[in-house]
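The chain contents come next:
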Amino acid sequence: FLENIFQNFKIDIVFHAAAYKHVSIVQNNLLSAINNNIFGTEKILDLTIKYNINNFILISSDKAVEPSNYMGITKRVCELLVKRSQNNLVENQKLISVRFGNVAGSSGSVIPIFLKNIKTNKDLVVNDETTNRYFMSSMEAAYLVTLSLNVNCENGDVLFFDMGESFNIKKLAEKLLSMFPFSKSKIKISKIDKNEKISEKLTFDNETVVDTEESRIFLAKTKKIDLDAFENNYQNFKNIISKKNCTDVEIEDYLKKCII
């Protein structure tokens, strides 16, 4: 199916946004997430290179940075697959990744959930009152994705948008509630899921933040990364998952070894 599309249509840019992004869904459906997020990305990358398509942009996530859950891990592996592809490129091909924060108003985003609950007088559940998250508008997300192609960077590089300081979710809930004084909703503090982090990061400790030609778009430049080690671990992971009798523990173990 993909081969037919790439073969029969003149493609200038591949915006690769297809992925399972909800943490809880991915956490409970690891094999489907691996197949879609990781192997789907690999197939698209291979075809992009094969058919000499000039531009490829992977939509990644801040959860890929020091990932604590399967969603973040799969996204980090996808970033590394893009980095790995730099060795197979033809002239003028540009393959990069961009990291999103939470896109306000998107499916599963906390803001529309809070607003819906406020309008129906349901409680606003905050998972730990110290939880912070980065937010960006859909316009900012589109700005990052489209203008990143103008940035002078190397294949496999990762770009992200200046989203300012991360927002405290409890304070966000309080602000939204103050805008609807007649709502009977209350804020309920719950325990954060073990697979979630209190605060997200936009870059790894071994990445240097570099200014770019585009306003508010930054480059997360990796100081050093062992792509040979990644390739070896990734092939071992693919081998173990191809076995019919492999266990969930084995899959998780080999998947985590891919993260470098």
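The structure we're discussing is the one just above.
Caption draft 1: Region of the structure containing the side chain of His-16. Inspection of the secondary structure puts His-16 in strand S1 (residues 13-16). A relative accessible area of 7% places His-16 in the buried class. Reaching out from His-16, the side chain makes a polar contact with the side chain of Thr-41 at a distance of 2.9 Å. Once residues lying within four places of it in the same chain are set aside, the contact partners of His-16 are Gly-40, Thr-41, Ile-44, Phe-56, Ile-57, Leu-58 and Ile-59.

Caption draft 2: Fine view of the side chain of Glu-207. Take Glu-207: it is sitting in strand S11 (residues 207-211). Overall, the relative accessible area of 6% leaves Glu-207 in the buried class. Within polar-contact distance, the side chain of Glu-207 engages the side chain of Arg-99 at 3.0 Å. Of the polar contacts made by the side chain of Glu-207, one reaches the backbone nitrogen of Phe-204; its length is 2.9 Å. Once you skip the residues sitting within four places of it in the chain, Glu-207 turns out to touch Arg-76, Arg-99, Ala-220, Lys-221 and Thr-222.

Caption draft 3: Spatial organisation of the pairing of strand S12 (residues 217-222). With five of its six residues buried, S12 lies for the most part within the structure. Two strands pair when backbone bridges link them, and strand S8 (residues 158-161) and S12 are joined in this way by four bridges, in the antiparallel orientation. Along S12, the bridge assignment pairs Leu-159 with Leu-219. Two elements, S11 and S12, share five bridges in a ladder whose sense is antiparallel. Directly across from Val-210, in S12, lies its bridge partner Leu-219. Linkage of S11 to S12, two consecutive antiparallel strands, is achieved through a turn of five residues, within which Arg-216 is found at a positive phi near 70 degrees.

Caption draft 4: Molecular detail of the nonpolar core. Core analysis: the largest hydrophobic core is formed by 35 residues, its most contacted members being Ile-34, Ile-38, Phe-56, Val-77, Tyr-234, Phe-237 and Leu-255. Listed by contribution, the elements that provide at least two residues to this core are helix H2 (23-28), helix H3 (30-50), strand S2 (55-61), helix H4 (70-84), helix H8 (227-241) and helix H9 (248-257). Sorting elements by how many residues they give to this core places H3 first, with nine residues. One finds Ile-96, Tyr-134, Leu-144 and Leu-219 within the second-largest nonpolar core, a separate group that totals 24 residues.

Caption draft 5: Structural view of unusual backbone geometry. Phi is positive for Glu-66, close to 45 degrees, though the residue is something other than glycine. With respect to the secondary-structure elements, Glu-66 resides in the loop between S2 and H4. Judged by relative accessible area, which is 35%, Glu-66 ranks as partly exposed. Phi is positive for Asn-121, close to 60 degrees, though the residue is something other than glycine. By relative accessible area, which is 40% here, Asn-121 ends up partly exposed.

Calculation rules
- Residues numbered from 1 in each chain as written.
- Predicted model: local features only at pLDDT ≥ 70, side-chain atom pairs only at ≥ 80, totals over all residues.
- Heavy atoms only, no water.
- Helix = DSSP H or I, 4+ residues; strand = E, 2+ residues; numbered from the N terminus.
- Buried < 20%, exposed > 50% of the residue type's maximum accessible area, 1.4 Å probe, protein only.
- Polar contact = N/O pair within 3.5 Å; in protein donor to acceptor, adjacent residues only side chain to side chain.
- Contact = heavy atoms within 4.5 Å.
- Pairing = 2+ DSSP bridges.
- Core = buried A, V, L, I, M, F, W, Y, C linked by side-chain atoms within 4.5 Å.

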